There are 2 protein chains.
Amino acid sequence: MAKKPEQLWTTPAGDALRWVPGTDLSALDPAATPGWTGDRSDGEKLLAARAPELADLQQRLYAHGRTGGDRSVLLVLEGLDTAGKGGIVRHVVGMVDPQGVMHRAFGVPTQEEKEHGYLWRVRNALPRPGHLGVFDRSHHEQVLVVRVDRLEPEKTWRAHYDELNEFEAEVAASGTVIVKVALIVSAAEQKRRLAERLDRPDKYWKYDPSDVDVRHQLPQYMAAYQELLDRTSTQVAPWYAVPADRKWYARLAVTELLTGALRSLDLGWPPARFDVEAEKARLAAS
Amino acid sequence: MAKKPEQLWTTPAGDALRWVPGTDLSALDPAATPGWTGDRSDGEKLLAARAPELADLQQRLYAHGRTGGDRSVLLVLEGLDTAGKGGIVRHVVGMVDPQGVMHRAFGVPTQEEKEHGYLWRVRNALPRPGHLGVFDRSHHEQVLVVRVDRLEPEKTWRAHYDELNEFEAEVAASGTVIVKVALIVSAAEQKRRLAERLDRPDKYWKYDPSDVDVRHQLPQYMAAYQELLDRTSTQVAPWYAVPADRKWYARLAVTELLTGALRSLDLGWPPARFDVEAEKARLAAS
């Protein structure tokens, strides 16, 4: 008998990808598909099959938010340029109702943002109750680009690890389930994707000459990611290191992580906060 | 030879639905399908067929925003409860990349919002360059619920018509194409939809006892909408009165309006802001 697509996960994505501090990041194969024994076609089938459940779970979360609930979900996407953050938003987050999504991409801080602490703009973008927040880059850049480009002295950025953990503990305590995804792309695949942007005029806008500069800093970024994952993987805000050379796998994996986060809320439909029969009578008389 | 689905529009949606001040709103049939000669099945086919173009147009807008462009689109959705605003967001806005969408639902103002003028929270939610902003209710409530529920004296809310027009002229001048949609649902269809919410436990959360109170104010709301449409339909921010008893028609019509707005920007892909050949060489050497 043919296996159902979800049975092709021999280990659930959450278990297969959850970062275990101390693991060697450089040993992770960006072309691997941890936990998944199917091929691309199987993966795309399961992704499509997950859409109704994901949309349903998100709708329950939204319904709770609309009726006084305080739960929310925050998906944090980190990864170098070309790692596929945008594709995840389009293909995974795009499966749910935009009404319940709060998406925010964090770039170089604006002048106003610079006048505040680095967590200010992040706090302002946190998902309201009932919402799925999506961060494309995040507060974690404070120990990534800030570290690699030496935008702050080491003593300063080193202090951020504890701040990041405290901040996320506070966010989690307020009712937000946090899912942090680090998309890991290989240098070779990154080169291929950048070359494609230079080959296609409809992709020029995605290319920035600084992308090549970053390629000369890959060892520094690897070290920064290693320490980030090791030091900010917590019980309430775990990191998942997702191999991203195969876009279909990364999208499927994040779908599974997001579905798992929403399932963990175990939300039914909110009960009526009114007398249903009395309202039926009022409506009939209106 | 079979007609292509888009040929079933005998009058383009924009022309068929654009509000002509002085028209009698009560004469609009909420079950009509102005300009469209097809049936539901044809309408759903065209909606699905529009998805790739809508997504492509929105992607070009987003690309321009990412490369210094200042254009954006703002879709304003007004309508009584059950008129289908949420469904439009889910089914129409849901066709495009969530990265480029800034959605905001305006409810009863919070304490912080009350401490500012009514346009404050609206300004804060305006789409950034390159984005599609979506307002579920809007600044126009200042002459709708505020008027009907007498939350301000008449002299005060009457002053808002000019303010709304000035505000929208300013937003349009900054590069935003504004599309304002008033979804018009009949009292009978509204009753049916509310009854469904009371019949289905998975829809209780959408029901509020005040929805029945509003039904007793329908004549006042009709008068408020009539004056809103008459007085705030401008060249730069036209209103479209969309019959909404047939959800498929309302969704198709808004899709056409949105597609038209994006087409009107006439955006190609942004040109490279770098020397493509030089970058190819740099990349190859990296």
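Given the structure is predicted, the values throughout are model-derived calculations rather than measurements.

Parameters and conventions
- Residues numbered from 1 in each chain as written.
- Chains lettered and ligands numbered in written order.
- Predicted model: local features only at pLDDT ≥ 70, side-chain atom pairs only at ≥ 80, totals over all residues.
- Heavy atoms only, no water.
- Least-squares fit on C-alpha atoms with pLDDT ≥ 70 in both.
- Contact = heavy atoms within 4.5 Å.
- Salt bridge = Lys/Arg side-chain N within 4 Å of Asp/Glu carboxyl O.
- Helix = DSSP H or I, 4+ residues; strand = E, 2+ residues; numbered from the N terminus.
- Buried < 20%, exposed > 50% of the residue type's maximum accessible area, 1.4 Å probe, protein only.
- Buried area = accessible area lost by both parts, 1.4 Å probe.
- Polar contact = N/O pair within 3.5 Å; in protein donor to acceptor, adjacent residues only side chain to side chain.
- pLDDT = per-residue confidence, 0-100.

Caption draft 1: Geometry of the relation of the copies chain B and chain A. Between chain B and chain A, the superposition needs a rotation of 180 degrees and an axial shift of 0.0 Å, giving an RMSD of 0.0 Å. The operation mapping one copy onto its partner corresponds to a two-fold rotation axis. Comparing interface residues between copies, 100% of those in chain B also sit at the interface in chain A, which points to an isologous, same-surface contact.

Caption draft 2: Seen up close, the pattern of salt bridges. All names here are of chain B. Considering all chains together, one arrives at 49 salt bridges over all chains under this definition. Aspartate 81 is the partner of arginine 137 in a salt bridge, and the nearest nitrogen-oxygen pair spans 3.7 Å. Of this pair, arginine 137 sits in the loop between strand 3 (132-136) and helix 6 (145-148) while aspartate 81 sits in the loop between strand 1 (72-79) and helix 3 (85-91), and the two are 56 residues apart along the sequence. When the shortest N-O distance is used, the salt bridge between glutamate 113 and arginine 121 registers 2.9 Å. A relative accessible area of 14% places arginine 121 in the buried class. Among the charged side chains, a network of salt bridges with common partners joins Arg147, Glu154, Arg158, Asp162, Glu227 and Arg231.

Caption draft 3: Inspection of the interface of chain B and chain A at higher detail. The partner chain A presents 45 residues to the 44 residues of chain B that form the contact. A buried area of about 4200 Å², summed over both sides, lies between chain B and chain A, and 64% of it is on carbon and sulfur atoms. When residues of chain B are sorted by the area they lose upon contact with chain A, Gln99, Trp205 and Leu283 of chain B head the list and together hold 19% of the total. In this structure, the connection of chain B to chain A is made through six salt bridges. For aspartate 199 of chain B, the salt bridge is made with lysine 280 of chain A, and the minimal N-O distance between the two is 3.2 Å. At the junction of chain B and chain A, the tally comes to 18 residue pairs in polar contact (both at pLDDT 80 or more). Mapped by element, the contributors of at least two residues to the side of chain B that touches chain A are helix 2 (40-66), helix 3, strand 2 (101-105), helix 9 (187-199), helix 10 (210-215) and helix 13 (276-284) of chain B. If you tally residues by element for the side of chain B that touches chain A, the top one is helix 13 of chain B, at six residues.

Caption draft 4: Main features of the confidence of the model for chain A. Mean pLDDT over chain A stands at 96; residues scoring 70 or higher make up 99%. For this predicted complex, the interface confidence comes out at an ipTM of 0.92, alongside a pTM of 0.95.

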